[in-house]
Amino acid sequence: MTIEKIETFILKDKLSQSFFFSQWEYSERCICVVKVTTSDGQHGWGEGYGPATILESGIKFLESTVIGENPLENEVIWNKMYRKTLDFARRGVLMASISALDIAIWDLKGKILNLPVSTLLGGAHRDKIQPYATGFYYMDHDNPARDFEKEAKLYLSQGFKAFKMKVGLGIERDVKYVKLLRELLGPEAKLMVDSNHAYTLREATELSRKIEKYDIGWFEEPISPEFYEQYNELKSKTTIPIAGGECEYTRFGFNQLIKNKSVDILQPDICASGGLTEAKRIGALASANGIDLIPHTWGTSIGIHVALHFISNIESIPGRMYQPNFLIEYDQTENGLRENLTFPSIVMKDGMLEVPKRPGLGIDVDEDVLRRYAVNKSEIKTSIL
Ligand code: MG
């Protein structure tokens, strides 16, 4: 049995209302997913994080490297894809193309062996993961925090106990909105902030010191991902834990963050930084250096399931009887693809998400939904519709 066919789908969802953060405005969600099929008709699904059309081109470029390979030998396939792109794309969107294919191959491998991906990774240390709600984006340039109260009430009623908000609109406004959200969520809530690398070291230091009193769980991407040493300097100037890595790629990139002691929490996006094969290696580096790892997660339910399986397999070091909950990022902004694309749907119960025990990632793609959102319909083969 070998990999026989690779199909890509660009899915778009126009938002009913655009939202913005420190870098740009979103008016639609656009995601590239990939389906890998074997010679005996079994299939797996993957997703990449990055510009969908470029991601798709990368997957097409890698197609000849993957076709004919044994899907059970995912590390061999990963290395072949990496070697093919190494000279001109060690970082960036081509690594996201590799990630999408790698994830589809893990899903496929699990379905072939009739085992969940968490078992293939070595086993689930936990069967439930605590989601934190990523939201509190900005809708209105005149009154950016207009919907915070409504949003906070909704998430609290859904059972969320941890939350991440965007900062990066300027220090004065950030402090005002962090204070507001802390009041709305109450003292027990875990609250994180994310500037998407909007600030200089001086600005990030000033903001950190001004919001320390609001009990911030972590400050994510305070400064540009290029400045490994400045991250380390910021860490020494604030009591807020520093997080980063969603713009970093492969074990080699994460090794730079580790060697420079840049962050307290590593945040690889599994759909961009090298897939599950590479995430396992990044996890080993994090473990060997005593650094927490909480993946960045954005996109469809494929990516969420990838993260669920991966986080279930993270070893607790140090071990103790009363372990804190491991966290998974659960984006709550408008995205028709997030929960509709796959089945069975994600269920949040008592504030937790269950790690699926079904084979592969534990999901399959709803082909009607795929058809509804796909923009490259001419390429969708009748066999999957
Ligand atoms: Mg982020």
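Residues numbered from 1 in each chain as written. Predicted model: local features only at pLDDT ≥ 70, side-chain atom pairs only at ≥ 80, totals over all residues. Heavy atoms only, no water.

Asker: Teacher, can you tell me more about the domain arrangement of the chain here?
Answerer: Bring the parts together and some accessible area is lost; that lost area is often taken as the interface size. Taken as a whole, the chain is organised into domain 1 (3-114 + 366-379) and domain 2 (118-365). Computed over C-alpha atoms, the centres of domain 1 and domain 2 are 23 Å apart. The interface is formed by 47 residues belonging to domain 1 together with 57 residues belonging to domain 2. Summing both partners gives a buried area of about 4400 Å² for domain 1 against domain 2, and 63% of it is carried by carbon and sulfur. Here domain 1 is connected to domain 2 by three salt bridges. With its nearest N and O atoms 4.0 Å apart, the salt bridge here joins Arg 281 to Glu 75. Our count for the contact surface shared by domain 1 and domain 2 stands at 26 residue pairs in polar contact (both at pLDDT 80 or more). Secondary structure elements with two or more residues in the side of domain 1 that touches domain 2: β1 (3-20), β2 (25-38), β3 (43-48), α2 (74-85), α3 (93-113) and α13 (367-373). At 11 residues, α3 tops the list of elements feeding residues into the side of domain 1 that touches domain 2. Here the residues of the side of domain 1 that touches domain 2 sort into 20 nonpolar, 13 polar and 14 charged. (Domains from an automatic or database assignment. Contact = heavy atoms within 4.5 Å. Buried area = accessible area lost by both parts, 1.4 Å probe. Salt bridge = Lys/Arg side-chain N within 4 Å of Asp/Glu carboxyl O. Polar contact = N/O pair within 3.5 Å; in protein donor to acceptor, adjacent residues only side chain to side chain. Helix = DSSP H or I, 4+ residues; strand = E, 2+ residues; numbered from the N terminus. Nonpolar A, V, L, I, M, F, W, Y, C, P; charged D, E, K, R; others polar.)

Asker: Just to check I follow, could you spell out the packing of helix α1 (residues 52-66) against α3 for this structure?
Answerer: Packed helices, taken two at a time, are described by the angle their axes make and the gap between the axes. Direction vectors running N to C along α1 and α3 enclose 60°, while the axes themselves pass 8 Å from each other. Classified by the angle between their axes, α1 and α3 sit oblique to one another. As for how α1 packs across α3, the hand of that crossing is right-handed. For the pair formed by α1 and α3, the contact residues are Ile 54, Leu 55, Gly 58, Ile 59, Leu 62 and Val 66 on the first element and Val 93, Leu 94, Ala 96, Ser 97, Ile 98, Ala 100, Leu 101 and Ile 105 on the second. Taken together, the residues that form the contact of α1 with α3 break down as 12 nonpolar, two polar and no charged. (Axes fitted to C-alpha atoms, helices over the stretch in contact; angles between N-to-C directions. Parallel < 35°, antiparallel > 145°, perpendicular 65-115°, else oblique. Left-handed = near helix turned anticlockwise from the far one by under 90°.)

Asker: Can you help me understand the sheet that holds β1 in this one?
Answerer: Pairing between sheet strands relies on hydrogen bonds along the backbone, with the strands arranged either parallel or antiparallel. An order of β1-β2-β3 is seen for the three strands of this open sheet, with the pairing classed as antiparallel. The strands lining the two open edges of the sheet, one partner per strand, are β1 and β3. With direction set aside, neighbouring strand axes in the sheet form an average angle of 20°. Direction of pairing for β1 relative to β2: antiparallel, over a ladder of 13 bridges. Opposite Thr 8, over in β2, you have Val 34 as the bridge partner. (Pairing = 2+ DSSP bridges.)

Asker: Would you mind going over the coordination of the magnesium ion with me for this structure?
Answerer: Reference geometry at the metal: tetrahedral coordination by four donors gives ideal angles of 109.5 degrees; octahedral coordination by six donors gives 90 or 180 degrees. Around the magnesium ion, the protein supplies Asp 194 (OD), Glu 220 (OE) and Glu 246 (OE) as donor atoms, at distances of 2.0 to 2.2 Å. In primary sequence terms, the donor set of the magnesium ion follows D-x25-E-x25-E. Residue Asp 194 is found in strand β6 (residues 190-194), and its partner Glu 246 is found in the loop between β8 (242-244) and α9 (250-259); the two are separated by 52 residues along the sequence. Here Asp 194 and Glu 246 have matching classes, each one buried. (Donors = N, O, S within 2.8 Å, 3.2 Å for Na, K, Ca; no water. Buried < 20%, exposed > 50% of the residue type's maximum accessible area, 1.4 Å probe, protein only.)

Asker: How should I be thinking about the environment of Lys 237 in this particular structure?
Answerer: Mapping Lys 237 onto the fold places it in helix α8 (residues 228-237). Taking the C-alpha atoms as reference, Lys 237 lies 8.5 Å from Ser 208; in sequence the two are 29 residues apart. Those residues in contact with Lys 237, other than ones at most four positions away along the chain, are Thr 205, Arg 209 and Glu 212. For Lys 237, the side chain forms a polar contact with the side chain of Glu 233, separated by 3.2 Å.

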